[in-house]
Amino acid sequence: MLPSANRGVLVASPSTSLREQVRRNLEHSAGPVQEVNGGADALVKLETGQWQLLFLDRRLPDLDAEELIEIIKVRYPGIEVVMLDSDSDSTLPWPVPGRVGSGSWMRPVRMAAPAREAEPKQTRTDKSCAEVEPLPGMIGASDSMQRLYRLTRLVAPHHTTVLVMGATGTGKELVARAIHKLSVRATGPWAVVNCAAIPETLLESELFGYARGAFTGAVQAYGGRICSAHGGTLFLDEVGELPLNLQAKLLRFLEQKEVQRLGTAETLRVDVRVVAATNADLEQRAEAGKFRSDLYYRLSAFPLELPPLAERRDDIVPLAEHFLHGIGAASHAAHLRLTADTGRVLEAQAWSGNVRELQQVMERAAILAEDGAEILPAHLNFPARFRVRPLGEESARRRPF
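A quick note: this is a predicted structure, and the numbers were derived from the prediction, not measured. (Residues numbered from 1 in each chain as written. Predicted model: local features only at pLDDT ≥ 70, side-chain atom pairs only at ≥ 80, totals over all residues. Heavy atoms only, no water.)

A. Expanded view of helix H11 (residues 316-331). Taking 1.5 Å of rise per residue, the 16 residues of H11 would be expected to cover 22 Å, and the 23 Å separating its terminal C-alpha atoms lies within 8% of that figure. Among all positions in H11, only Ile316, Val317, Leu319, Ala320, Phe323, Leu324 and Gly328 are buried. Each element contacted by the buried residues of H11 is listed here: strand S13 (337-338), helix H12 (340-348), helix H13 (354-368) and strand S14 (374-375). (Helix = DSSP H or I, 4+ residues; strand = E, 2+ residues; numbered from the N terminus. Expected span 1.5 Å × (residues − 1). Buried < 20%, exposed > 50% of the residue type's maximum accessible area, 1.4 Å probe, protein only. Contact = heavy atoms within 4.5 Å.)

B. Focus on the sheet that holds strand S12 (residues 302-305). Reading across the sheet, the five strands line up as S7-S8-S11-S6-S12 and stay open at both edges, with parallel pairing between neighbours. For this open sheet the edge positions go to strand S7 (190-194) and S12, each flanked by a neighbour on one side alone. Looking at each pair of strands side by side, their axes are set apart by 20° on average, direction ignored. In terms of strand pairing, strand S6 (residues 162-165) meets S12 through four bridges, oriented parallel. When the bridges of S12 are listed, Val164 appears paired with Leu304. Seen against the sheet, helix H4 (residues 143-155) touches S6, strand S11 (273-278) and S12 and runs at an angle of roughly 150° to S12. (Pairing = 2+ DSSP bridges. Axes fitted to C-alpha atoms, helices over the stretch in contact; angles between N-to-C directions.)

C. Seen up close, the pattern of salt bridges. Overall, the coordinates contain 14 salt bridges when judged by the stated rule. The shortest N-O distance in the salt bridge between Glu258 and Arg269 comes to 3.8 Å. Of the two residues, Glu258 is situated in strand S9 (residues 258-260) and Arg269 in strand S10 (residues 267-269); the sequence distance between them amounts to 11 residues. Judged by relative accessible area, Arg269 falls into the exposed class, the value being 57%. Bridged by salt links that share partners, the residues Arg19, Arg23 and Glu35 form one connected network. (Salt bridge = Lys/Arg side-chain N within 4 Å of Asp/Glu carboxyl O.)

D. Representation of the environment of Ala65 within the structure. One can find Ala65 in helix H3 (residues 65-75). Taking relative accessible area as the criterion, Ala65 reaches 4% and is therefore assigned buried. Along the backbone, Ala65 and Gly39 are 26 residues apart, and their C-alpha atoms lie at a distance of 7.5 Å. Look past the residues within four positions of Ala65 in its chain and what remains in contact with it is Leu56, Asp57, Arg58, Leu60 and Met83.

E. Inspection of the packing of H11 against H13 at higher detail. At a closest axis distance of 9 Å, the pairing of H11 and H13 adopts a crossing angle of 50°. In terms of axis orientation, H11 runs oblique to H13. Note that H11 runs across H13; the crossing there is right-handed. Here H11 contributes Ile316, Leu319, Ala320, Phe323, Leu324 and Ile327 to the contact with H13, which in turn contributes Val355, Leu358, Gln359, Met362, Glu363 and Ala366. Along the lines of polarity and charge, the residues of the contact of H11 with H13 split into 10 nonpolar, one polar and one charged. (Parallel < 35°, antiparallel > 145°, perpendicular 65-115°, else oblique. Left-handed = near helix turned anticlockwise from the far one by under 90°. Nonpolar A, V, L, I, M, F, W, Y, C, P; charged D, E, K, R; others polar.)

F. Layout of H12. All of the buried residues in H12 are Thr342, Gly343, Val345 and Leu346. The arc enclosing the buried residues of H12, seen along the axis, measures out at 160°, which places them on a common side. Of the exposed residues in H12, the ones pointing more than 90 degrees away from its buried face are Ala340 and Ala348. The elements touched by buried residues of H12 are H11, S13, H13 and S14. (Arc of directions from axis to C-beta.)

Here is the structure:
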């Protein structure tokens, strides 16, 4: 079946030449054609558009193609999938009248037909769809968070390197911890390295370790954080701040699974899964020569992006109530409640500091509420206007801005 005018074609393959070949042969079709590099990007596209046909390379860089097809069968039964083989030297047998194609390098995958063709179940925006359980330690049921939960649970059982992207305060470490807890490595070690917090002169020895006598003061050998994560997960926070001179060494570790400590030529084999996080645009930094492009592509085998709090306003009040419950439990105080006016004020804020800023605002509000049972708008003090207001009855009715 060739694409119709209102439903597009998606091509998922790491091979640029293969994607271009499919696009070239579909250029006269009525439907739009879009290209993605891997399975994770394909799932994101499927979440947000109307698609009729998916060309799927069986050699994806991040996901198992067969597993991805099983997911698509359940979620998007109206989409026809054609498996491609980017290793083949064959050419597409176009034009293909009446069917997608055949041959040793491409085969249609039988999909169940949708119950009603006029209303294909291709998107997850319908609130009647079953919700995915939140990740451990995370709150939120918005569409963007549901996509994050699904993709995280999808990649967690694999050994794939994951890059978690998002602004400061969005919860990148929570996602990284969830990947570890939901993986087969959950009982193994969890090691954290903040690449921005450790001085550059110490970062190499902290990551890779050193032999005894490697430098002045090295009175005993140290295995390093990578070796300490053997059998588990290494979380590289703020990986965009990693110095260029260490990026090549980290790339070799990711490719070879070997570590060479300072002061010795000996290499050690390690079994470590890497989850990295950044609030920087690594692709842009790579184009500017501030980050190695080959390391960026290695780290972003499976990218996950956290939405800013301003884009998930339906989650703001549940998050605030969650923080208040935790504050009350920690202080053995009565549970504080948000008034309707307070909820509206919270939802109207820009939240440049994201979830972390909301948590701090709730902590301040709980203190300012004193022995009261409710959080009023007057108890809210935002960082840009950090000024304690009088808490009289009149001020309690006033908006804080």
